[in-house]
Amino acid sequence: MRRKLAAGNWKMNGTLADLGELDSLAETHPTPGVDILVCPPATLISAAAARAGKGPIQIGGQDCHHADQGALTGDVSALMLADAGAHAVILGHSERREGHGETSEEVRAKAKTAQAASLMTVICLGESLGQREATNTLDIIGAQLSLSVPDSSNGENLVIAYEPIWAIGSGLTPSPDQIGEVHDFIRARLEKRFGAGVGRSVRLLYGGSVKPDNAAEIFAVSNVDGALVGGASLRAADFSPIITALESA
Ligand code: PGA
């Protein structure tokens, strides 16, 4: 059985003053029926991990370099994230792929180092609107999946997040059928590459404009094991109902 996962991506939002949101979440969900992950900006990981303690919330990073250390101004390594208290790292988010020119090969190199540092990697895949309109979404996702996921992956250290680029921050979401088609495809590809046991144990998240009012419908879709939530993860008042919807899915 895959344990469901509600993951929050704060992106470039939040200062120390916002860490009280973690306390609110932990108070509302002291013994959650799902895993809860919050990925604040790198500046807050250490303080967030200390604040979360051994409670119900785990802390993750939003990116890392593929090297462990070196003359790489401005970069942060997977070892550093783990040292700061992170349990996971988001990799290959479309805002990194598009805004920083990250290729799937780079994402795979990062994921390999992050998994070696015992971080759970949340690898993001997603098509643009143009690609979807050209009806080759599954080709795009299939290529990103095979190139971005390292051979060292298993059900503990790999989570896949399907995030259509056009749904991120836009208020638009794919239909349940469209989400199900992609998630079933990703599941089948993982089973083919890693075998049924590992392939079935990897959690598949949907991401892109998940809100309290659409969460239950999305969580009812086949092979959706949770969500990667951006805007609605910033405030406990918004993230908490999404967690509750996942618990009852
Ligand atoms: P959103 O972002 O929930 O604000 O659409 C999701 C994401 O980019 O992970």
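For clarity, every value in this text was computed on a predicted model and none was experimentally measured.

Caption draft 1: Broad picture of the side chain of E163. Looking at the element boundaries, E163 is found in the loop between strand 6 (158-162) and helix 8 (176-194). There is no salt bridge for the buried E163, and the closest opposite charge comes from K11, which lies 6.2 Å off by N-O distance. Side chain to side chain, E163 and H93 meet in a polar contact 3.2 Å long. For E163, the contacting residues outside a window of four places in its chain are H93, C124, L125, G126, E127, I168, G207, G208 and L228.

Caption draft 2: Seen up close, the nonpolar core. Ranked by internal contacts, the top residues of the largest apolar core, which has 60 residues, are I59, I160, I186, L190, F219 and F239. Here F219 is in contact with V224, G226, A227, I242, A245, L246 and A249, once residues within four sequence places are set aside. With 13 residues, the next largest nonpolar core counts A7, L37, A88 and L205 among its residues.

Caption draft 3: Summary view of the packing of aromatic side chains. Across all of its chains, the model carries one aromatic pair by this definition. Ring centres of Y162 and Y206 lie 6.3 Å apart, and the angle between their planes is 65°; on these two criteria the pair is classed as edge-to-face. Here the residue Y162 occupies a position in strand 6, and Y206 occupies one in strand 7 (residues 203-207), the gap between them amounting to 44 residues. Neither residue differs from the other here; Y162 and Y206 are each classed as buried.

Caption draft 4: Looking closely at helix 1 (residues 20-28). Every buried residue belonging to helix 1 is among E21, L22 and L25, and all of these are buried. Across the axial projection of helix 1, the buried residues extend over an arc of 100°, all falling on one side. Where the residues of helix 1 are buried, they touch strand 2 (35-39), helix 2 (45-52), strand 3 (57-61) and helix 11 (236-247).

Definitions and cut-offs
- Residues numbered from 1 in each chain as written.
- Predicted model: local features only at pLDDT ≥ 70, side-chain atom pairs only at ≥ 80, totals over all residues.
- Heavy atoms only, no water.
- Helix = DSSP H or I, 4+ residues; strand = E, 2+ residues; numbered from the N terminus.
- Buried < 20%, exposed > 50% of the residue type's maximum accessible area, 1.4 Å probe, protein only.
- Lys, Arg positive; Asp, Glu negative; His and termini not counted.
- Salt bridge = Lys/Arg side-chain N within 4 Å of Asp/Glu carboxyl O.
- Polar contact = N/O pair within 3.5 Å; in protein donor to acceptor, adjacent residues only side chain to side chain.
- Contact = heavy atoms within 4.5 Å.
- Core = buried A, V, L, I, M, F, W, Y, C linked by side-chain atoms within 4.5 Å.
- Phe/Tyr/Trp six-rings, centres within 6.5 Å; stacked < 30°, edge-to-face > 60°.
- Arc of directions from axis to C-beta.

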